Amino acid sequence: MSGELEVLDQVRKSLRSEPRVRPAGEPIHLSYRDGELLMEGEVDHIAGKKLALERAARVPMVARIIDRLHVRPATPMGDGEIRDR
């Protein structure tokens, strides 16, 4: 197993071991290269996002995290609704 695949496997295991990290719909997409971990996707709440980032940061060989995680809105709104509020 290459170093990149091993790091990704460790991050995935770490995320799965924390039940409060719940992806909203699709799983969290991960990619790793030269010490940088890219995390993309949507989670259910801000605490889940923070925990996901903390868990990933604990994995050896992850020197930097590019955070593209988003928190699913409690009430989905379009641009017009957001503007009006």
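Whatever comes next refers back to the structure up there.
Residues numbered from 1 in each chain as written. Predicted model: local features only at pLDDT ≥ 70, side-chain atom pairs only at ≥ 80, totals over all residues. Heavy atoms only, no water.

Another aspect to go through is the pairing of strand S2 (residues 36–43). Pairing between strand S1 (residues 29–33) and S2: five bridges, direction antiparallel. Bridge assignment links Arg-33 to a residue of S2, and that residue is Glu-36. The antiparallel pairing of S1 with S2 creates a hairpin that spans two residues between the two strands, and Asp-34 there sits at a positive phi of about 50 degrees. Sheet analysis places S2 next to strand S3 (residues 64–71), joined by eight bridges and oriented parallel. Its bridge partner lying in S3, Val-43 is registered against Val-71. Handedness of the crossover joining S2 and S3 through helix H2 (residues 46–57) is recorded here as right-handed. (Pairing = 2+ DSSP bridges. Helix = DSSP H or I, 4+ residues; strand = E, 2+ residues; numbered from the N terminus. Right-handed = clockwise from strand over helix to strand, strands pointing away.)

Our focus in this paragraph is helix H1 (residues 3–16). With 14 residues, H1 extends 20 Å between its outermost C-alpha atoms, agreeing within 8% with the 20 Å of an ideal straight helix rising 1.5 Å per residue. Along H1, the residues classified as buried are Val-7, Leu-8, Val-11, Ser-14 and Leu-15. Taken end-on, H1 shows its buried residues confined to a sector of 125 degrees, consistent with a single buried face. Those residues of H1 that are exposed and aimed more than 90 degrees away from the buried face are Leu-5 and Arg-16. In the core, the buried residues of H1 are packed alongside S1, S2 and H2. (Expected span 1.5 Å × (residues − 1). Buried < 20%, exposed > 50% of the residue type's maximum accessible area, 1.4 Å probe, protein only. Arc of directions from axis to C-beta. Contact = heavy atoms within 4.5 Å.)

Membership of the largest hydrophobic core comes to 17 residues, with the highest contact counts inside it found for Val-11, Leu-15, Ile-28, Leu-30, Leu-37 and Met-39. Listed by contribution, the elements that provide at least two residues to this core are H1, S1, S2 and H2. Tallying contributions element by element places H1 first for this core, with four residues. In this structure, Met-39 is in contact with Leu-15, Ile-28, His-29, Leu-30, Ala-52, Leu-53, Ala-56, Ile-65, Ile-66, Asp-67, Arg-68 and Leu-69, ignoring residues within four places of it in sequence. (Core = buried A, V, L, I, M, F, W, Y, C linked by side-chain atoms within 4.5 Å.)

Further remarks concern H2. Along its twelve residues, H2 runs 17 Å from first to last C-alpha, staying within 8% of the 16 Å computed at 1.5 Å per residue. All buried positions along H2 are accounted for by Gly-48, Lys-49, Leu-51, Ala-52 and Ala-56. Down the axis, H2 shows its buried residues gathered within 165 degrees of arc, on one side only. Among the exposed residues of H2, those pointing more than 90 degrees away from its buried face are Ile-46 and Lys-50.

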